[in-house]
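Chain and residue survey
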Amino acid sequence: MNAKIERHEFADRLTLADKLARDVASKLDAAIKARGKATMAVSGGGTPKTMFAVLAEQEIDWSKVTVTLVDERWVDTDSDRSNARMVAEHLFHHQSHTASFVPLFDRAHKDNVDDALDDVGARIDALGLPFDVVLLGMGGDGHTASFFPGGDNLAAALDPNGTRTVISMRAEGAGEPRITLTLPRVLDTRALYLHIEGDDKKRVLEQAENGGDFPIAAVLKQDRVPLDVYWAP
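Figured I'd write up the structure that's included with this text. Bear in mind that the values here come from a model prediction, so they are computed numbers and not experimental data. (Residues numbered from 1 in each chain as written. Predicted model: local features only at pLDDT ≥ 70, side-chain atom pairs only at ≥ 80, totals over all residues. Heavy atoms only, no water.)

**Details of the overall build of the protein**
- Helices and strands together make up the secondary structure of the protein, namely eight helices and 10 strands.
- Radius of gyration (C-alpha) of the protein: 16 Å, near the 17 Å computed for a compact globule of 233 residues.
- Projected onto the principal axes, the alpha-carbon positions of the protein cover approximately 45 × 40 × 30 Å.
- Taking all 233 residues of the protein together, the buried fraction comes to 55%.
- Sequence separation of 24 or more characterises 76% of the internal contacts of the protein that already satisfy a separation of 6 or more. (Helix = DSSP H or I, 4+ residues; strand = E, 2+ residues; numbered from the N terminus. Rg over C-alpha atoms; globule rule 2.2 N^0.38 Å. Buried < 20%, exposed > 50% of the residue type's maximum accessible area, 1.4 Å probe, protein only. Contact = heavy atoms within 4.5 Å.)

So, in C-alpha cells, the structure goes:
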C-alpha cells in the first residue's frame, strides 16, 4: 500500500513558502494546545530557507517548540556545510528565537560519526514519540534525509522494521559522512511534509512514484503516515 499523498502545487516559491509555513505553524500550535509542547524535525539544504524565514514570523508559543534535524553532515556548526548553522541563520529569528534546538552533530565524537550514534539516538529518543512535524526535502538524485543512492548503510536506514533512531551514511553523492534519522523514525510523526522545487525534482518524484529506484520511493510507498507534497517550479 502506498502512502496517502496530498499534493499542493503553487505558481511560485514565495507562495509555497507562505502556505507551508502557515500549515506547519498550525500543526505546532495544535500540538502545544493539546499536549503542552511540540517537536519538529527539519531538513537542511537551500530549499527550505525562505519557508523558514516565514515560519519564524508565525505567532505561536515557540518557547514550547523543540526543533531537531532529519539529517546532518558530520561537520561542526562553524562550517558553511552545517545544517544546524543554516537552521540557526534562517529559522531562529523573530518569534521563533525562543525555540529549543537539539543538534545531531556531537563534538564529543567529532572525529567519527559512528562513535556518536548511541548518544545522539538517545538525545532524539528523549524528545518522545511521535514528532509533531517532519519536514523532508529531496535531492535531484532522489535522496531524502541522508538516504543516498549507493549509501553504505542505505538498506539498514530504509528497513521498515529497524530499531535504530539514527544511523551513519557515507555515499559518493553525500560529500562528508552523514548522520540521519532512519526511515522508521522519520515516519514516526503526526504530520509529514515533502518540500521540493523545480521541474527536475518533480520529474524525479514522478519516476519514483512509478517504480523508479530512488530512495524517496520508500517514503512514497509506506502506509504509516499521510504525506503532504509541496511543490513550486
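**Here's the deal with the sheet that holds strand β6 (residues 133-136)**
- Read across the sheet, seven strands follow the order β1-β10-β9-β6-β2-β3-β5 without closing on themselves; strand pairing throughout is parallel. Both edges of this open sheet fall to β1 (5-9) and β5 (100-102), since each of them pairs with a single strand only. The average undirected angle you get between the axes of adjacent strands in this sheet is 20 degrees.
- Across two bridges, the pairing between strand β2 (residues 38-42) and β6 is parallel. Looking at the pairing, Ala41 lines up with Val134 of β6.
- The strands touched by helix α3 (residues 83-90) are β2, β3 (65-69) and β5; relative to β3, the strand with the most contacts, the crossing angle is about 145 degrees.
- Contacts from helix α7 (residues 199-209) reach β1, β9 (192-197) and β10 (227-232) within the one sheet, and its direction differs from that of β9 by about 130 degrees. (Pairing = 2+ DSSP bridges. Axes fitted to C-alpha atoms, helices over the stretch in contact; angles between N-to-C directions.)

**Concerning the sheet that holds strand β8 (residues 178-181)**
- Here we have three strands laid out as an open sheet, ordered β4-β8-β7, and antiparallel in their pairing. Two strands close off the open sheet at either side, each with one partner strand: β4 (71-73) and β7 (166-169). Here the strands of the sheet are splayed against their neighbours by 20 degrees on average, with no regard to which way each runs.
- The pairing of β4 with β8 spans three bridges and is antiparallel. Across the sheet, residue Asp71 finds its bridge partner in β8, namely Thr180.
- Contacting β7 and β8, helix α4 (residues 113-125) crosses the sheet at an angle of about 150 degrees to β7.

**Here's the deal with α3**
- Of the residues making up α3, those classed as buried are Asn83, Ala84, Met86 and Val87. Looking straight down α3, one finds that the buried residues subtend no more than 160 degrees of arc, so they occupy a single side.
- Looking at the buried residues of α3, the elements they touch are β2, α2 (49-55), β3, β4 and β5. (Arc of directions from axis to C-beta.)

**What to know about the layout of surface pockets**
- Taken as a whole, the largest pocket encloses approximately 280 Å³ of empty space.
- Secondary structure elements with two or more residues in the lining of the largest pocket: β4 and β9.
- Looking at the lining of the largest pocket residue by residue, the class counts come to five nonpolar, 11 polar and four charged. (1 Å grid on protein atoms, 1.4 Å probe; cavity = no way out; pocket = protein on both sides within 12 Å on 5 of 7 lines; lining within 4 Å. Points joined across faces, edges and corners; volume = space filled by probe spheres on them. Nonpolar A, V, L, I, M, F, W, Y, C, P; charged D, E, K, R; others polar.)

**Focus on the pairing of β7**
- By the alternation rule, side chains of β7 split into Val166 and Ser168 and Ile167 and Met169, which are all buried.
- Pairing analysis gives four bridges linking β7 to β8, with the strands arranged antiparallel. Following the sheet pairing, Val166 is matched in β8 by Leu181.

**Here we look at empty space enclosed by the protein**
- All told, the structure shown has one cavity of 30 Å³ or more when counted by the stated rule.
- Going through the elements one at a time, α2 and β6 are the ones with two or more residues in the lining of the largest cavity.
- A class-by-class count of the residues in the lining of the largest cavity yields six nonpolar, five polar and no charged.

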